[in-house]
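Residues per chain, in single letters:
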Amino acid sequence: MSIAHSDQSVDALASELSPELISHLNERALFVRLETIRLISIAKVGHYTSVFSCAEIFSVLYYDAMRLRHGEPKWEGRDRFLMGKGHAAVGLYPILADWGFFDRSVLDGYTRLGNPLGDHPDMRKVAGVDFSSGSIGHALSGGFGMAMGARLQNLAFDVYVLLGDGEMHEGQVWEAALAAAHYKTSNLIAIVDRNGYQLDGKVDDIIGIEPLADKWRAFGWDVHEVDGHDVAAVARLLRQLKAETHREKPVCVIALTVKGKGIEYMETEPGWHLGWLAEEDEKLAIEEIKAHGGAQ
Amino acid sequence: MSAPVSPDTWQYRQINARAPGLSYLSNGLIDLVADGHKIAVGTADLQYSNGLSRFAEKHPELFIQFGISEQNMVSAAAGIATTGSMPFVATFASFLALLCCEQIRMDVAYSALPVRLIGHHAGISLGFYGTSHHATEDLAITRSIADLTVVAPADGPQLAAAIRASIHHPQPIYFRIGRGQEPNVYPDDMVFEFGKAIVHAQGHDLTLIATGSMVHPTLAAAQALRASGLSVGVIDMHTIKPLDREAVLTVARHTELLITVEEHNVLGGLGGAVAEVLADVGHGPRLVRHGIYDEYSLIAPPTHLYRHYRLDAEGIEAVAREALVQEDKQNVR
């Protein structure tokens, strides 16, 4: 059974979001986009658009929702973060460096020989990465295991798993969905980055996944939908979930997002799942992102 | 309830009593808990087949039933391992090593997490259940996964000893075990050392290197060969990876013929591993790799299959005698 909060308490939580915090979260999303462009300029190929759709989600998770300790990537009480869509790791690395988990200079060698930072995150190489990924469909199972591990070890952390919407095609996601509902791992929060696109085109043209919220509800999860680019809305929802101490279900947040958010021609051209901005285009992209101030 | 109509009548849930070797699995894990080790145990709808029902009754709070979701089980075990509990997850070797191959590589081995994967009913030990339930490729698959230790205990006591020893083994492990009907080779108090082959006997005419379920029939075959006046060595190569190269090289210096015996395809498993060692040094005795000769098994009860594929004591003895005859012919040439 889900214990919903009264409107009043939700409002009270919302009122805690100061304009300064909202501004900070938007600024951090801008930071993620600009750093993504900078790092991909080193590799000369990367997943810009996959990061841009979840830049605000990264920002809210790491700068408001998650319990973390600066410089202590292995603190056992920390909230965990796993990425089913590991190809967005380029947007996460600058945040992990910002948290003091490794030196910022490591970012400058992104994808170069011997550097720990690759297109997909590796927990053995990168401090702050809680679970390696790259093969789509494993992360929710890994997160479910961590949520069970918290129970076995009497720890109170939450586990956030960012999933791509194309990832909904993987059968293992639904194995994990069944198990998490069965074991009532309420400390497990899946966030589906519903940006609508995968490599070969529109998710709903390739193998349709709607009605997505109904599917998760039918699997026994609490489901919330949110504008994934509205930092205040995302932060308010994640705070509300933290406050639901009596919840007995895992949670699925369907974040409605735009692939390539922040750069107009990326938003409208699905071919940008993987690409590289050459010099002049890179300058224009940075100008456009700065002009929008992130996603605002 | 009425009494069983015949002594052969039994229920699925009593299977544990009929597979004494598997009782060592649950008991070994129960002992770990008693010794204060933080472990978690899981299976995928096979708690009666592998006897983990015994563990589940004793420690329900440490037991996770994953249902028929093997891939979820393996990835979740990796997640559990990140939180400080050592997970032991078990299912048929076919489903573990073949269905979950990528989860094992990505989430367990590549991530270097201390997960213990227990593939039971390996080889052709599920008899007439057929190829879907046979695992004659699992050693080849798991052996090629970096940072994964691969162990095939010969019997229950060796399995229990290996489970005990695994507490201090930092790498992830794939345990390959049989169906629990293997006669005991070792006493209950045996001590297990990863990567250290057990030399049962040394011999200069031939040496048999066996692993897992094949150790017991190989020892019996060696006994029969000795009765003909042959000098026969036997090595239990329980750890397939890292392979005890020294044991292979040492025996290669003192024996004229090597025969590997495994309930596995002759490609890529124990035979392949020993062949690689001999090829690396570039000289040594002739090697005969005995096992399943790159084919899918027939349908039959397990003991009938072992006889058919010459994986019982008589079959192994016959394979050895044929190899010795060929050896003589070569020497004449």
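Residues numbered from 1 in each chain as written. Chains lettered and ligands numbered in written order. Predicted model: local features only at pLDDT ≥ 70, side-chain atom pairs only at ≥ 80, totals over all residues.

1. Let's talk about the overall build of chain B
Stated precisely, the cut-off is as follows: In this description a helix means any DSSP run of H or I spanning at least four residues, a strand means any run of E spanning at least two, and both kinds are numbered starting from the N terminus. For a compact globule the rule gives 2.2 Å times the number of residues to the power 0.38, and the radius of gyration it is set against comes from C-alpha atoms. Exposed residues have 12 or fewer other C-beta atoms within 10 Å of their own C-beta, buried residues have 20 or more, and partly exposed residues fall in between, where C-beta atoms are placed from the backbone. Any two residues are considered in contact once their C-beta atoms, placed from the backbone, lie within 7 Å.
Within chain B one finds 12 helices and 12 strands. A globule of 333 residues ought to have a C-alpha radius of gyration of about 20 Å, and chain B, at 20 Å, matches this closely. Viewed in the frame of its principal axes, chain B has a C-alpha envelope of about 65 × 50 × 35 Å. Taken across its 333 residues, chain B has 54% of its residues classed as buried. Restricting to contacts in chain B with at least 6 residues of sequence separation, those with at least 24 account for 79%.

2. A few points about the overall build of chain A
Looking only at helices and strands, chain A features 12 helices and 7 strands. Whereas a compact globule of 296 residues would reach a radius of gyration of roughly 19 Å, chain A reaches 18 Å, a difference of no more than 12%. Here chain A holds 296 residues, and 51% of them are scored as buried. Restricting to contacts in chain A with at least 6 residues of sequence separation, those with at least 24 account for 78%.

3. A word on the interface of chain B and chain A
If you look at the interface, chain B gives 24 residues, while chain A gives 24 residues. When residues of the side of chain B that touches chain A are traced back to their parent elements, those giving at least two are helix 3 (70-81) and helix 5 (101-109) of chain B. When residues of the side of chain B that touches chain A are assigned to their parent elements, the largest contribution, 8 residues, is made by helix 3 of chain B.

4. A closer look at the packing of helix 3 of chain B against helix 5 of chain B
All names here are of chain B. This is how it is decided: Orientation is described by axes fitted as lines to C-alpha atoms, over the contacting stretch for helices, and by angles from 0 to 180 degrees between their N-to-C directions. Any angle between 65 and 115 degrees counts as roughly perpendicular, while under 35 counts as roughly parallel, over 145 as roughly antiparallel, and the rest as oblique. For this classification, the nonpolar set comprises Ala, Val, Leu, Ile, Met, Phe, Trp, Tyr, Cys and Pro, the charged set comprises Asp, Glu, Lys and Arg, and every other residue, Gly included, is treated as polar.
At a minimum axis separation of 9 Å, helix 3 and helix 5 run at an interaxial angle of 10°. In terms of axis orientation, helix 3 runs roughly parallel to helix 5. From helix 3, Gln71, Val74, Ser75 and Ala78 reach across to helix 5, where they touch Gln103, Ile104, Asp107 and Val108. Here the contact of helix 3 with helix 5 is built from residues that sort into 4 nonpolar, 3 polar and 1 charged.

5. Thoughts on the domain arrangement of chain B
Residues and elements named next belong to chain B. Definition in use: As annotated, the domain borders come from an automatic or database domain assignment.
The assigned domain composition of chain B is domain 1 (12-176) and domain 2 (198-332). Here the C-alpha centre of domain 2 lies 27 Å away from the C-alpha centre of domain 1. In this complex, domain 1 contributes 23 residues to the contact, which on the side of domain 2 involves 27 residues. Elements represented by at least two residues in the side of domain 1 that touches domain 2 include exactly helix 6 (138-143) and strand 5 (149-151). Grouping the constituent residues of the side of domain 1 that touches domain 2 by class yields 11 nonpolar, 9 polar and 3 charged.

6. What to know about the nonpolar core
Going by this rule: What makes a nonpolar core is a set of buried Ala, Val, Leu, Ile, Met, Phe, Trp, Tyr and Cys residues, with links drawn between C-beta atoms within 7 Å.
Counting residues in each nonpolar core, the largest one holds 185 residues, and the members touching the most others are A:Val60, A:Ile191, B:Leu117 and B:Leu208. Sorting elements by how many residues they give to this core places helix 4 (residues 55-65) of chain A first, with 8 residues. In terms of domain composition, this core takes at least three residues from each of domain 1 (12-176) and domain 2 (198-332) of chain B. The contacts of A:Val60, once residues within four sequence positions are left out, are A:Leu25, A:Ala65, A:Val231, A:Val234, A:Ala235 and A:Leu238.

7. Quick word on the environment of A:Gly134
Residue and element names in this part refer to chain A. For Gly134, the position within the fold is in the loop between helix 5 (89-98) and helix 6 (139-152). Expressed as a C-alpha distance, the spacing of Gly134 and Val161, which sit 27 residues apart in the sequence, is 14 Å. Each residue touching Gly134, except ones within four places of it in the same chain, is listed here: Gly86 and His120.

8. Some points on the pairing of strand 11 (residues 257-265) of chain B
Residue and element names in this part refer to chain B. Selection rule: By definition, two strands form a pair when at least two bridges between them are found by DSSP.
Burial of strand 11 is extensive: 9 of the 9 residues sit out of reach of the surface. Here 4 bridges tie strand 8 (residues 206-210) to strand 11, and the two strands are oriented parallel to one another. Considered in strand 11, the bridge of Leu208 is made with Ile259.

9. A few points about unusual backbone geometry
The general pattern is negative phi for most residues beyond glycine and trans for most peptide bonds. The peptide bond linking A:Glu210 to A:Pro211 adopts the cis configuration, its omega dihedral lying at 0°. Cis rather than trans, the peptide bond between B:Lys241 and B:Pro242 has omega equal to -5°. Secondary-structure assignment places B:Pro242 in the loop between strand 10 (239-241) and helix 9 (245-254). Even without a glycine there, the phi angle at A:Asn154 is positive, about 55°. Along the chain, the position of A:Asn154 falls in the loop between helix 6 and strand 2 (159-164). Residue class for A:Asn154 comes out exposed when judged on the 6 C-beta atoms lying within 10 Å of it. One non-glycine residue, B:Asp147, adopts positive backbone phi at about 70°.

10. Thoughts on the pairing of strand 7 (residues 251-256) of chain A
All names here are of chain A. Under the convention used in this document: Orient the strands so they point away from the viewer; a crossover is then right-handed if the path from the first strand over the helix to the second runs clockwise.
When you tally the buried positions in strand 7, you get 5 out of 6 residues, the bulk of the element. Where strand 3 (residues 188-194) meets strand 7, 6 bridges bridge the pair, whose relative direction is parallel. What sits directly across from Ile191, in strand 7, is Val253. In terms of handedness, the path from strand 6 (residues 222-227) via helix 10 (residues 231-243) over to strand 7 forms a crossover that is right-handed.

11. Some details on the sheet that holds strand 6 (residues 173-176) of chain B
Residues and elements named next belong to chain B. Strand order in this open sheet of 7 strands is 2-1-3-4-6-5-10, and the pairing throughout is mixed. Edge positions in the sheet fall to strand 2 (63-65) and strand 10, since each has one partner strand and no second. Going from strand to strand, the sheet's axes swing by 20° on average, the running direction of each strand aside.

12. Some points on the sheet that holds strand 8 of chain B
Residue and element names in this part refer to chain B. Strand order in the open sheet made by the 5 strands is 7-9-8-11-12, with mixed pairing throughout. Each having just a single partner strand, strand 7 (198-201) and strand 12 (286-292) make up the two edges of the open sheet. Direction aside, neighbouring strands of the sheet carry axes that sit 20° apart on average. Where helix 9 meets the sheet, its contacts fall on strand 7, strand 8, strand 9 (232-236) and strand 11, and the angle it forms with strand 9 comes to roughly 175°. Contacting strand 8, strand 11 and strand 12, helix 10 (residues 270-281) crosses the sheet at an angle of about 145° to strand 11.

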